[in-house]
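Each chain, written out:
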Amino acid sequence: MMKSSIAPAAEQLRRYAGIATLAHRGTARWRRVASEPGKLLILTAALLVLGALIIYPMAKLVLLGVAGNSGLATLRPLVDAFSDPGMVKAVGNSALLAISVTGGALALGLPMAWLVSRTDMPGKTLIRVSAAIAFVVPSFITVIAWIFLAAPNSGYLNTLLDGLLGTTTPFFNIISFSGLVFIEIAHLYPLVFFTVCAALVNIDPGYEQAARVLGAGRMRTALQVTLPLVRPAVLSSAILVILDALSSFGAPAAIGTMANFSVITTKIYKLLTFPPHFEQAAALALPIVVFTLASLLLQRLLIRDIRYRTLSGKAGAKALPVRLGRGRWAAAAFCGTVFFVTAFLPLAALALLSLLTAFGDAVTFSNLTLDHFAMIVDSTFGVFDTVKHSLLLSAAAALICIILGVLFAWFVERTTIIGRGLVTATIFIAYGFPAITFAVAIMLGYVNWFYGTFTILLIAYVAKQLPISFVLSRSVLKQIAPELEEAARVSGAGWLRTFTAVTLPLLKPSMWAGALLVFAFGLRELTMSAILSQPATQVMSTKVIEYLETGEVEQAAAMALIIVVLSLGSLALYRLMSGGNLIDMKKMTSWSKKHGHD
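Values in this document were obtained by computation on a predicted structure and should not be read as measured data.

K.L.:
Explain the nonpolar core residue by residue, including any values.
P.N.:
Judged by nonpolar contacts, the single largest core of 166 residues is most densely connected at Leu61, Ile144, Tyr189, Phe193, Leu350, Phe408 and Leu532. Excluding its chain neighbours within four sequence positions, the residues that come into contact with Tyr189 are Ala105, Leu108, Gly109, Met112, Ala131, Ala134, Val338 and Thr342.

Next up, the structure:
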């Protein structure tokens, strides 16, 4: 009887002892940090900045979307938002766009990934580079090229075919919903291509070789063995495409305005134009938040499945390329056509349009001019201010992201303080949500303080791109032995001296690489800039959309070409400094999306 009463008491004592031990360890960790005031001050300030950048505006978005200004959780803002004429139609258009683009991206990306990763098709490097270019150049830029090429009445391809065949009916009409679907597929199929390529490289080729030995043909092996092994990667990439298609703004704004249809992102944008309807905009953003969270949860489960199912049992096993015979040239022709249509043709058309005197003029040497570029750099027109704004904002965002990224990476990798996982998750929140949703959050959080200033744009740029520098710095810190820093501390150096004299020099290559990536992505950012900027704070991307709205397509092409050259130039520098290539950059971006998108 006594033993039975003692046992629960002993168990309770052990439980209390465990709690006390954990509390002591947590207190000791913070005590070690607090013993160095400089470290405590810097880390505390960085964590407060993180909360101000991300947690505060996202909380404002959720609260206003659910409760409105009344503070009561009545969902009235959501009801008001969907009672707006055309809102249900816009949501339906967004859903149809996401489904159509995902289907098209899978139809292009899957066979291309298999051909590049598993066959002896020639020209693989060119296909990889073209896919990277198609993804890096944003759709709001390629839409300009396709308007020039395939507008129903004045498109260059339609005019050319009419002259050759003597017909009056246009062959192509990019100013339509189907045209928008085509543009988004051309931009987003690389997400499927690169994700599935990575999965194909990781899977054990022994499964496919066993199937071939047992008599299965190439097609049967691919459909019944290879495809099931990469199914988690396929589904994961499909989620990425759906999220990107739902959050797309530039191309839908350009095409939708001319074709008279809306999607959910353009509706949110209209709600924030004067006079702004903040409650309805926040409420309309909430379904995107919920859908994104559900997609991220599903994707994280799929990523775990990828790690499990692609584990190879043969160290160094390498798949032998499938010999296509004469079919290798047909495969090369298919991939080459995709390269021509999605990368080469739009960039060539963009360059040509930027040099034409006027949209619709015949393509002759006498009709080529540099006046559009001269107008951009001429300070009397005020257009060059947008170039300076973009350059300064992108450079400032790169600098701040590098500083914060290094500090947070050190905090996560070099301390044992409870809450490090929460810091990582918080950093990826902004990157994970569509830009239109996060822009609404930033607007709500800082409209009374920084509306109409460069500060609100800088806050959005930094919060959205911070994961890039964080990922690069953290990956390098993982490779640096802590003993190097410990040796400096043993020699008498304080934390700040150790950090600046030992850690930072080792992180310098990743810091430069991260700065270049943030700078490049900042130059091409449109969605947040369109919502947060004002006439005095316009950037290059918003100027492109303004030119399109006013019909100055040639000026839009010239400005867009400058964005493309600057962005690709920054990425080329990244390639030289990192010793990698554009494909490595794309895989890093995809990794970031998988952990935050996202």
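Here the narrative resumes.
K.L.:
Give me the lowdown on the side chain of Thr265, citing residues and values where you can.
P.N.:
Tracing the backbone through its elements, the reader meets Thr265 in helix H13 (residues 264-271). A distance of 2.8 Å separates a polar atom in the side chain of Thr265 from the backbone oxygen of Ser248. In contact with Thr265, other than residues within four places in its own chain, are Leu246, Ser247, Ser248, Phe249 and Ile436.

K.L.:
A description of the pattern of salt bridges should follow, citing residues and the corresponding values.
P.N.:
Between side chains of opposite charge, a pair can form when the charged atoms approach closely. Here the structure, examined in full by the defined rule, presents three salt bridges. Notably, a salt bridge pairs Asp120 with Arg328, separated by 3.7 Å at the nearest N-O pair. Of the two residues, Asp120 sits in the loop between helix H4 (87-118) and helix H5 (124-136) while Arg328 sits in helix H15 (residues 327-355), which places them 208 residues apart along the sequence. Given the relative accessible area of 18%, Asp120 is considered buried. Residues Lys388 and Asp385 are paired through a salt bridge, measuring 3.4 Å at the closest nitrogen-oxygen approach. With a gap of three residues between them, Lys388 and Asp385 both fall in helix H17 (residues 384-414), about one helical turn apart. Looking at Lys388, the relative accessible area reads 38%, which means it is partly exposed.

K.L.:
Describe the layout of surface pockets, with residues and values.
P.N.:
Considering only enclosed or pocket space, the largest pocket measures out at about 740 Å³ in volume. Lining the largest pocket are 34 residues; nearest its centre among them are Tyr269, Lys270, Thr273, Ala530 and Glu549. At the level of secondary structure, the elements contributing two or more residues to the lining of the largest pocket comprise H4, helix H12 (250-259), H13, helix H19 (435-450), helix H23 (527-532) and helix H24 (540-549). Looking at the lining of the largest pocket, its residues break down into 17 nonpolar, 12 polar and five charged.

K.L.:
Give me the lowdown on the packing of helix H6 (residues 139-150) against H15, citing residues and values where you can.
P.N.:
At a minimum axis separation of 8 Å, H6 and H15 run at an interaxial angle of 75°. Relative to H15, the element H6 lies roughly perpendicular. Facing H6, whose interface residues are Ile141, Thr142, Ile144, Ala145, Trp146, Phe148 and Leu149, H15 presents Val341, Leu345, Pro346, Ala349, Leu350, Leu352 and Leu353. Within the contact of H6 with H15, the residues separate by chemical class into 13 nonpolar, one polar and no charged.

K.L.:
I'd love a proper account of the side chain of Ser469, names of residues and values included.
P.N.:
Secondary-structure assignment places Ser469 in helix H20 (residues 454-479). You can call Ser469 buried: its relative accessible area is 1%. A distance of 2.7 Å separates a polar atom in the side chain of Ser469 from the backbone oxygen of Cys401. A distance of 3.1 Å separates the side chain of Ser469 from the backbone oxygen of Leu466, its partner in a polar contact.

Each value, and the rule that gives it
- Residues numbered from 1 in each chain as written.
- Predicted model: local features only at pLDDT ≥ 70, side-chain atom pairs only at ≥ 80, totals over all residues.
- Heavy atoms only, no water.
- Core = buried A, V, L, I, M, F, W, Y, C linked by side-chain atoms within 4.5 Å.
- Buried < 20%, exposed > 50% of the residue type's maximum accessible area, 1.4 Å probe, protein only.
- Contact = heavy atoms within 4.5 Å.
- Helix = DSSP H or I, 4+ residues; strand = E, 2+ residues; numbered from the N terminus.
- Polar contact = N/O pair within 3.5 Å; in protein donor to acceptor, adjacent residues only side chain to side chain.
- Salt bridge = Lys/Arg side-chain N within 4 Å of Asp/Glu carboxyl O.
- 1 Å grid on protein atoms, 1.4 Å probe; cavity = no way out; pocket = protein on both sides within 12 Å on 5 of 7 lines; lining within 4 Å.
- Points joined across faces, edges and corners; volume = space filled by probe spheres on them.
- Nonpolar A, V, L, I, M, F, W, Y, C, P; charged D, E, K, R; others polar.
- Axes fitted to C-alpha atoms, helices over the stretch in contact; angles between N-to-C directions.
- Parallel < 35°, antiparallel > 145°, perpendicular 65-115°, else oblique.

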